[in-house]
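# A look at the structure
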Amino acid sequence: MYNLELDKIVKEIKKLKAKRVLIQLPDGLKPNAEQIVDYIQKSTNSKVQVFVWLGTCFGGCDIPSNLNIINIDLIVQFGHNKFDKESW
Amino acid sequence: MTKTIFIDAKYSEEIGLTNEVLNYLKSNNIKSVSLFASVQFLNLETIKKQLKSEKISIKTTKAKRTNKEIQVLGCNVYEDSFKTNIIKNSDAILYIGDGLFHPKAILISQINTQNKKKIIQFNPVSKQFRIINEEFIETEEKRIQANLRKFINSNKIGIIVSTKPGQNFMNLSLKLKEDLEKKGKKVFIFVSDTIDLNDLENFSFIESWVNSACPRIAIDNLTNKKIINIKEAFNPTKFISN
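Residues numbered from 1 in each chain as written. Chains lettered and ligands numbered in written order. Predicted model: local features only at pLDDT ≥ 70, side-chain atom pairs only at ≥ 80, totals over all residues. Heavy atoms only, no water.

Counting from both sides, the interface comprises 36 residues of chain B and, opposite them, 35 residues of chain A. Our count for the contact surface shared by chain B and chain A stands at four salt bridges. Between the two partners, chain B and chain A, sit 20 residue pairs in polar contact (both at pLDDT 80 or more). Put simply, the parts of the chain that give the side of chain B that touches chain A at least two residues each are strand 1 (3-7) and strand 2 (10-11) of chain B. (Contact = heavy atoms within 4.5 Å. Salt bridge = Lys/Arg side-chain N within 4 Å of Asp/Glu carboxyl O. Polar contact = N/O pair within 3.5 Å; in protein donor to acceptor, adjacent residues only side chain to side chain. Helix = DSSP H or I, 4+ residues; strand = E, 2+ residues; numbered from the N terminus.)

Residues and elements named next belong to chain B. Residues of helix 1 (residues 19-27) that are buried: Val21, Leu22, Tyr24 and Leu25. For helix 1, the buried positions fall inside an angular range of 155° around the axis, keeping them on one side. Residues of helix 1 that are exposed and angled more than 90 degrees away from the buried face: Asn19 and Ser27. Of the surrounding secondary structure, the elements contacted by the buried residues of helix 1 are strand 3 (32-37), helix 2 (45-53), strand 6 (119-122) and strand 7 (129-132). Directly beyond the C-terminal end of helix 1, a positive phi value near 60° is found at Asn29. (Buried < 20%, exposed > 50% of the residue type's maximum accessible area, 1.4 Å probe, protein only. Arc of directions from axis to C-beta.)

Attention shifts here to the sheet that holds strand 1 of chain B. Spatial ordering of the open sheet is given by 3(A)-2(A)-4(A)-1(B), a layout of four strands whose pairing is parallel. With one partner strand each, in any of the chains shown, strand 3 (49-52) of chain A together with strand 1 of chain B form the two edges of the open sheet. Within the sheet, the average angular offset between the axes of one strand and its neighbour, ignoring direction, is 20°. Where strand 4 (residues 74-78) of chain A lies against strand 1 of chain B, five bridges are found, and the strand directions are parallel. Paired with Gln77 of chain A across the two strands is Phe6 of chain B, which belongs to strand 1 of chain B. On the sheet, helix 1 (residues 6-16) of chain A packs against strand 2 (20-24) and strand 4 of chain A together with strand 1 of chain B and is oriented at approximately 165° with respect to strand 1 of chain B. Sitting on the sheet, helix 2 (residues 33-43) of chain A touches strand 2, strand 3 and strand 4 of chain A, and the angle it makes with strand 3 of chain A is about 165°. (Pairing = 2+ DSSP bridges. Axes fitted to C-alpha atoms, helices over the stretch in contact; angles between N-to-C directions.)

See below:
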């Protein structure tokens, strides 16, 4: 019903040669996490570690920070588009 | 360096108004609508055609912080959240999407307007429609007003700053702190990532709180915490209605 564009994600992972990917889902899409993780792992021969963000996903304004500690190469946030923060 | 991409999860089926909605528009003599939708439901060609054939004019605008015309965010809660004030010149608002979070923002953006326009919400998944009018935000309106009055009369203020990059307004918060200190108030800055209003409980010496992160944190406040948004905090009397 909603297009999760999983091929686009795999393409991006390959382009970036990402090793660790974090997927972040709004509550309505959280039940899809299994399907998403399975797809990414299958399409990358399990060479990529896929993690699921446990916390909030309120909008494009709500990207997890301080991820350097676990070396995430790519965050994929579902359900929103790019957020243009004001500069004030 | 971490890269971020967004998958907006577009609804993959055709979105068209039901006869029930079209009849409602006709029988209520609605000749023009401001059209808004959440990001999943921006493919509105069918709806535009339907409205045109009913001779209903469609007004659209780009809301702040979005990057698509028609799209609305939960933080678009001020009159100036929209590039042009299309609502003022429409008979009603047509919102395509589910839930109350987004339509509530559109209602709250009209809080200081005399002639508030109702929202006709069409949920493209369930095909149901409902009318959302001022009654839906009565509690919020009252609370905003009460908390503004309390803020003006408070001497110890806590400003809340989120470390979420999209919601971080530390510089603005420091500016407010300076402003309030000039007025003789004592100001503390509190920092958190996700803001849980229950955490404010522990700092009972704070008389009023200012939220600098997502404005919905203060507006949808389900606690009895005295909290206002930073936009109002610079000039609270401007936002107090008589």
